[in-house]
Amino acid sequence: MSNVPVFVGLDYHQDSIQVCVLDERGNVLLNRCAGNDWRELGRLVSPLGVVRRVGIEACCGAADLGEELTERLGWDVSLGHPAYIAKMKGSPDKSDFSDGRLVADLTRVGYLPGVWLAPAGVRDLRRLVSHRQRLVDRRRALKLQVGGLLREQRVRIDKGRGSRWSKAWTASVRDNDALSKHARWVANDLLDDLKYTEGKVAAADARLREATKDDPVVRRLMKQEGIGEVTAWVLRAYVGDFRRFKTAKQLSRYCGMSPCNASSGRRQADAGLVDGCNKLLRRTVVQAAHRLVRTCERWSGLAESMRARGKPACVIAGAVGNRWLRNLHHAMKATEAAEATGV
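Residues numbered from 1 in each chain as written. Predicted model: local features only at pLDDT ≥ 70, side-chain atom pairs only at ≥ 80, totals over all residues. Heavy atoms only, no water.

Asker: Help me out: how do you make sense of the overall build of the protein chain in this one?
Answerer: Regarding its fold elements, the protein chain presents 13 helices and eight strands. Taken against the 2.2 N^0.38 rule, which gives 20 Å for 343 residues, the C-alpha radius of gyration of the protein chain at 26 Å runs more than 25% over that of a compact globule. Contacts in the protein chain between residues at least 24 apart in sequence constitute 59% of all its contacts with a sequence separation of at least 6. Just so you have it, the protein chain exposes about 19600 Å², and 50% of that area is on carbon and sulfur atoms. Charged side chains in the protein chain number 59 positive and 39 negative. The centres of these two groups are separated by 7 Å. (Helix = DSSP H or I, 4+ residues; strand = E, 2+ residues; numbered from the N terminus. Rg over C-alpha atoms; globule rule 2.2 N^0.38 Å. Contact = heavy atoms within 4.5 Å. Areas by Shrake-Rupley, 256 points an atom, 1.4 Å probe, with all protein chains shown as cover. Lys, Arg positive; Asp, Glu negative; His and termini not counted. Charge placed at Lys NZ, Arg CZ, Asp CG, Glu CD.)

Structure, rendered in structure tokens:
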């Protein structure tokens, strides 16, 4: 084995991996296709020198491979942001050979736009949270279909039957004589599907409670104002460790709650919120902001002052969510420090 420092770029695919190895001067020592297995990667790269850094373009499966390379081979692995790497490629000609070379070169010079390699437990929690959200989206879609069917058939449910989607209201929709024969069958089928989906959502909630019952971060989040179970689960899954953000502004931007600047020359303008974020995470923060405006005096006061200046509701929700996230960052760090010192 050589003592030459080398830098590795991996272009990940489900069945194969393009491996490019460079020395400190950028000379290509290896650029070939290999199997998707950490043992084969070790056999190919180890004889060429001492691995300084490894870069992988983040995609489905790349995190699991990166974790294996770190644990099994002791390599320093970084995940590269796929959107930024795509912009850097710039060439109309695309191949695995050139992609691996680019990732290796970015890794060598320290320009790889990195993303966080979440631990296996956090990635598993993300799968649970994403699955629950898909079930919730399906439940909402079924309710919209039932409501659309009632409007199409011009059927009104008596308000005395209870609030919308209560048990009494749902029972009134089922086998309703005001619906046509086939519409009645469709409505009953949708209601059966809705009942099944609600049971699946409840099962997902129970699974998430079991998965996070001993999680210290979730426990700290639940102590913060305006955070319930679902908000805590989403923040834990997609933010992970609050300590990885040096400033509260970084956390707010990661959650997609920072204003997007669209200035050029003398023109100074904003373009809403930054777009590069997890949409479920941002949606959860926006919902928390609306809830805080209704229930918390501090944030309702901020909303009233902005409303008096003519700000629309969407801008108010964005501002409250932005400031709340920054406050949450400091509160979480302070709570963790207090627990560490036993105060």
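Asker: Which parts of the structure should I look at to understand the packing of aromatic side chains?
Answerer: In this description, an aromatic ring pair is defined by two values, namely the gap between the centres and the angle between the planes. Across all of its chains, the model carries two aromatic pairs by this definition. Judged by centre distance (4.8 Å) and plane angle (55 degrees), the ring pair of Trp 165 and Trp 169 falls under tilted. Above the face of the Tyr 254 ring, Arg 244 is positioned so that its terminal group lies 4.8 Å from the ring centre. (Phe/Tyr/Trp six-rings, centres within 6.5 Å; stacked < 30°, edge-to-face > 60°. Lys NZ or Arg CZ within 6 Å of the ring centre and 35° of its normal.)

Asker: Even after reading the chapter, I still don't get the side chain of Ser 172, so can you show me in this structure?
Answerer: Position of Ser 172 relative to the elements: it lies in helix α6 (residues 167-173). Taking the relative accessible area as the measure of exposure, Ser 172 reaches 14% and is therefore buried. Excluding its chain neighbours within four sequence positions, the residues that come into contact with Ser 172 are Ile 157 and Arg 161. (Buried < 20%, exposed > 50% of the residue type's maximum accessible area, 1.4 Å probe, protein only.)

Asker: Just to check I follow, could you spell out the pairing of strand β5 (residues 77-80) for this structure?
Answerer: Across a regular strand the side chains alternate sides, sitting on one face of the sheet and then on the other. Relative to β5, strand β4 (residues 50-57) runs parallel, the two being bridged by four bridges. Each residue of the ladder has a partner; that of Ile 56, found in β5, is Leu 79. The parallel pair β4 and β5, bridged by helix α2 (residues 62-73), forms a crossover whose chirality is right-handed. Bridge count between β5 and strand β6 (residues 114-115): two bridges; the pairing is antiparallel. When the bridges of β6 are listed, Gly 80 appears paired with Gly 114. (Pairing = 2+ DSSP bridges. Right-handed = clockwise from strand over helix to strand, strands pointing away.)

Asker: I tried to follow the pairing of strand β3 (residues 28-35) on my own but got confused; where do I start?
Answerer: Strand direction decides the pairing type here: strand β2 (residues 16-23) and β3, joined by seven bridges, are antiparallel. From the neighbouring strand, Ser 16 faces β3, where its bridge partner is Gly 35. Counted along the chain from β2 to the antiparallel partner β3, the turn is four residues long, and its residue Gly 26 has a positive phi close to 90 degrees.

Asker: Would you explain helix α1 (residues 38-45) in this entry?
Answerer: In an α-helix there are 3.6 residues to a turn, and that puts residues three or four apart on one side. Among all positions of α1, only Trp 38, Leu 41, Gly 42 and Val 45 are buried. Axial view of α1: buried residues confined to an arc of 100 degrees, hence all on one face. Of the surrounding secondary structure, the elements contacted by the buried residues of α1 are β1 (5-12), β2, β3, β4 and α2. Between the side-chain oxygen at the start of α1 and the backbone nitrogen of Arg 39 there is a gap of 3.0 Å, and the oxygen is on Asp 37. (Arc of directions from axis to C-beta. Polar contact = N/O pair within 3.5 Å; in protein donor to acceptor, adjacent residues only side chain to side chain.)

Asker: Even after reading the chapter, I still don't get the nonpolar core, so can you show me in this structure?
Answerer: Nonpolar side chains tend toward joint burial in soluble globular proteins. Ranked by size, the top nonpolar core spans 38 residues in total, and within it Val 129, Leu 221, Leu 235, Val 239, Phe 242, Trp 324 and Leu 328 carry the most contacts. Secondary-structure elements contributing two or more residues to this core are α5 (120-152), α8 (216-222), α9 (229-238), α11 (279-295), α12 (297-308) and α13 (313-341). Setting aside chain neighbours within four positions, we find Phe 242 in contact with Val 217, Leu 221, Leu 251, Leu 328, His 329 and Met 332. Grouped together as the second largest cluster of nonpolar side chains are 23 residues, Leu 10, Val 19, Val 21 and Leu 79 included. (Core = buried A, V, L, I, M, F, W, Y, C linked by side-chain atoms within 4.5 Å.)

Asker: Please clarify how the sheet that holds β4 should be interpreted in this entry.
Answerer: Sheet strands line up and pair through hydrogen bonds in the backbone, either parallel or antiparallel. Sheet architecture is open: six strands sit in the order β3-β2-β1-β4-β5-β6, paired in mixed fashion. Looking at strand neighbours, the two that pair on one side only are β3 and β6, the edges of this open sheet. Across the face of the sheet, helix α4 (residues 96-109) comes into contact with β1, β2, β3 and β4 while running at roughly 135 degrees to β1. (Axes fitted to C-alpha atoms, helices over the stretch in contact; angles between N-to-C directions.)

Asker: Can you help me understand the environment of Gln 153 in this one?
Answerer: Of note, Gln 153 is situated in the loop between α5 and α6. A C-alpha to C-alpha distance of 8.2 Å links Gln 153 and Ala 183, two positions 30 residues apart in sequence. Sequence-distant contacts of Gln 153, defined by excluding residues within four places in its chain, comprise Ala 178, Leu 179, Ser 180 and Ala 183.

Asker: Please explain unusual backbone geometry as it appears in this structure.
Answerer: What is expected of a backbone is that most residues other than glycine have negative phi and most peptide bonds are trans. In this model, Arg 154 sits at a positive phi of 55 degrees, which is unusual for a non-glycine residue. Along the chain, the position of Arg 154 falls in the loop between α5 and α6. Residue class for Arg 154 comes out exposed when judged on its relative accessible area of 78%. For Asp 175, which is not a glycine, the phi torsion comes out positive at approximately 55 degrees.

Asker: What is the right way to read the side chain of Thr 197 from this model?
Answerer: Structurally, Thr 197 can be placed in helix α7 (residues 181-212). Ignoring any residue separated from it by four or fewer positions in sequence, one finds Thr 197 in contact with Leu 135, Arg 138, Arg 139 and Leu 142.

Asker: Whenever I open this one, the pattern of salt bridges confuses me. Can you help?
Answerer: Side-chain pairs of opposite charge can arise where the charged atoms are in close proximity. The full count for this structure, using the stated rule, is 18 salt bridges. One salt bridge in this structure joins Asp 105 and Arg 108, with 2.9 Å as the shortest N-O distance. Here Arg 108 and Asp 105 lie together in helix α4, a separation of three residues that amounts to about one turn. A salt bridge links Glu 210 to Lys 213; its shortest N-O distance comes to 3.1 Å. On the accessibility criterion, Lys 213 (53% relative accessible area) is exposed. Within this structure, Asp 64, Glu 67 and Arg 123 form a network of salt bridges that share partners. (Salt bridge = Lys/Arg side-chain N within 4 Å of Asp/Glu carboxyl O.)

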